[in-house]
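Listed below, chain by chain, are the residues.
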Amino acid sequence: MGFSSGIRLVTPVMAATGGSGRSTVADLLAERMAAAGADTVVLDTAPRLSSPWPSWTVGQEAGGLAALPPDRPLTRSQVRRGAAVRPGTGSTPGWQVLTDGRDWHSPPLVLPHAPAAWLQLAAIGGWQCVVADTPHPVSHDILDSRCAGRIGRTRSWCELPYAVPVLCASATAGGVQALQQAVMALHADGMPLQRTLVVLTAQTDGRLPAVVRAGATMLSARAAAVVHLPYDPHIRAHGLRTVSRLRSRTRHAAGLLSQEVLAAAGASWGTPLPDAPRPTPLAVVSPS
């Protein structure tokens with residue numbers, strides 16, 4: 001799939017529980033989308049002290065999210081200057097990350113809850129591929145929003161224009177159980193499972209447990225695709241501060257994930273993707 005200047009593909013990376021490899025998947029996907037020719041950004045929607053992104057982008061001069069005034073119009077250059085850079089390797093271009101990279105003792109930054117606000121920020125920045133690292137627990141969000149009679153974050157992310165959701169879980173019995181529960185909640189709420197991808201992240205080397213393999217087979221009938229991300233000792237030891245030492249099979253799995261994202265987008269909206277609509281401006285709401 002080619003990436004024209006008007007394309008904007010949105011990939012919210014979500015999980016049912018913590019420890020699902022969500023941020024790792026978001027980073028690997030962004031790297032592969034950039035390698036495919038897309039001008040790519042990762043939106044870090046988690047609070048600073050619960051996010052790995054500030055440490056993965058440490059030492060850069062980017063102003064981050066704190067440098068973007070919430071009550072004044074933004075320009076593309078402002079938004080771009082606020083984004084840190086994740087450098088590529090070899091001939092692979094880098095990609096950008098919008099996160100709150102201030103020191104740990106800085107006051108908490110009030111981040112927008114509405115996915116539409118994040119989409120508007122990405123649209124101002126002009127990126128073609130938007131990978132959103134979202135911290136909310138999917139099943140709880142769906143149930144809570146249904147009981148409260150409101151639209152939750154999961155639905156809001158899934159209903160953005162040209163959104164291909166990615167749902168992560170650890171490749172363990174507990175991880176698959178939480179994932180199956182999340183998929184049932186998504187199905188019951190009428191979410192777009194036909195363009196939702198599942199990523200199972202291995203916690204150890206070796207063959208996956210039988211319960212994980214069985215769960216993956218069942219989930220493949222519901223989701224657009226199921227991708228296995230193998231165990232990588234470099235990620236376990238160092239996170240993703242550098243990507244040059246990753247195993248080849250890790251890179252292969254990330255490449256397969258990016259291919260499946262593009263395939264789901266093409267099946268849903270055609271190839272090439274239509275140009276993205278301009279987001280409707282959001283009203284500025286003063287903190288109470």
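Values in this document were obtained by computation on a predicted structure and should not be read as measured data. (Residues numbered from 1 in each chain as written. Predicted model: local features only at pLDDT ≥ 70, side-chain atom pairs only at ≥ 80, totals over all residues. Heavy atoms only, no water.)

**Structural notes on the sheet that holds strand β1 (residues 9–15)**
We count it as follows: Strands qualify as paired when DSSP identifies two bridges or more between them. We count a stretch as a helix when DSSP gives it H or I for four or more residues in a row; a strand needs E for two or more, and each element gets its number in order from the N terminus. Lines fitted to C-alpha atoms define the axes, with helix axes restricted to the stretch in contact, and inter-axis angles between N-to-C directions lie between 0 and 180 degrees. Whether two residues are in contact is decided by their heavy atoms: any pair within 4.5 Å suffices.
With mixed pairing, 8 strands are arranged side by side in an open sheet as β3-β4-β2-β5-β1-β6-β7-β8. At either margin of the open sheet sits one strand with a lone partner, and together these are β3 (84–86) and β8 (225–229). When the angles between neighbouring strand axes are averaged without regard to direction, this sheet yields 25°. Packed onto the sheet, helix α1 (residues 22–35) meets β1, β2 (40–44), β3, β4 (95–98), β5 (129–137), β6 (166–170), β7 (197–201) and β8 and runs at close to 175° relative to β5. Across the face of the sheet, helix α7 (residues 173–188) comes into contact with β6 and β7 while running at roughly 155° to β6.

**Comments concerning α7**
Counting along an α-helix, one turn takes 3.6 residues, and residues three or four places apart therefore face a common direction. As a reminder, the rule being used: Helix span, expected: 1.5 Å multiplied by one less than the number of residues in the helix. Buried means the residue's accessible area, taken with a 1.4 Å probe over protein chains only, is under 20% of the maximum for its type, while exposed means over 50%, and partly exposed covers the values in between.
Here α7 is 16 residues long and its end C-alpha atoms lie 23 Å apart, about the 22 Å a rise of 1.5 Å per residue gives. When α7 is considered as a whole, its buried residues turn out to be Gly-175, Val-176, Ala-178, Leu-179, Ala-182, Val-183, Ala-185 and Leu-186. Those residues of α7 that are buried are in contact with α5 (138–148), α6 (153–158), β6, β7 and α8 (210–220). Gly-190 occupies a position one or two residues after α7 and carries a positive phi of about 75°.

**Notes on the environment of Ala-132**
Inspection of the secondary structure puts Ala-132 in strand β5. With relative accessibility at 0%, the residue Ala-132 sits in the buried group. C-alpha separation for the pair Ala-132 and Ser-23, spaced 109 residues apart in sequence, amounts to 9.3 Å. Not counting chain neighbours up to four residues away, the residues in contact with Ala-132 comprise Thr-11, Pro-12, Val-13, Leu-43 and Trp-157.

**Things to note about the side chain of Asp-141**
The criterion, for reference: Whenever a nitrogen or oxygen atom comes within 3.5 Å of another N or O atom, the pair is scored as a polar contact, on the condition that within protein one atom can donate a hydrogen and the other can accept it, and that pairs from neighbouring residues in sequence are kept only if both atoms are in side chains.
Structurally, Asp-141 can be placed in helix α5. Among the polar contacts made by the side chain of Asp-141, one reaches the main-chain amide nitrogen of Arg-153 at a distance of 3.2 Å. With near-sequence residues (within four places) excluded, Asp-141 lies in contact with His-136, Gly-152, Arg-153 and Thr-154.

**Section: the packing of aromatic side chains**
The way to describe two aromatic rings as a pair is by their centre distance and the angle between their planes. Quick reminder of the rule: Stacked, tilted and edge-to-face are the three classes applied to pairs of Phe, Tyr and Trp rings, where Trp contributes its six-membered ring and a pair requires centres within 6.5 Å; stacked means planes under 30 degrees apart, edge-to-face means over 60, and tilted covers the rest.
Under the criterion given, the structure shown has 2 aromatic pairs. Ring centres 4.9 Å apart and planes at 75° place the aromatic pair Trp-53 and Trp-56 in the edge-to-face group. Here the residue Trp-53 and the residue Trp-56 both occupy positions in helix α2 (residues 53–56), the gap between them amounting to 3 residues, near one helical turn. With a relative accessible area of 11%, Trp-56 lands in the buried category. Arranged with centres 5.3 Å apart and planes meeting at 85°, the rings of Tyr-162 and Trp-269 form a pair that is edge-to-face. Placement of the pair is Tyr-162 in the loop between α6 and β6 and Trp-269 in helix α10 (residues 248–269), with a sequence separation of 107 residues.

**A short note on the side chain of Arg-86**
Position of Arg-86 relative to the elements: it lies in strand β3. For Arg-86, a relative accessible area of 4% puts it in the buried group.

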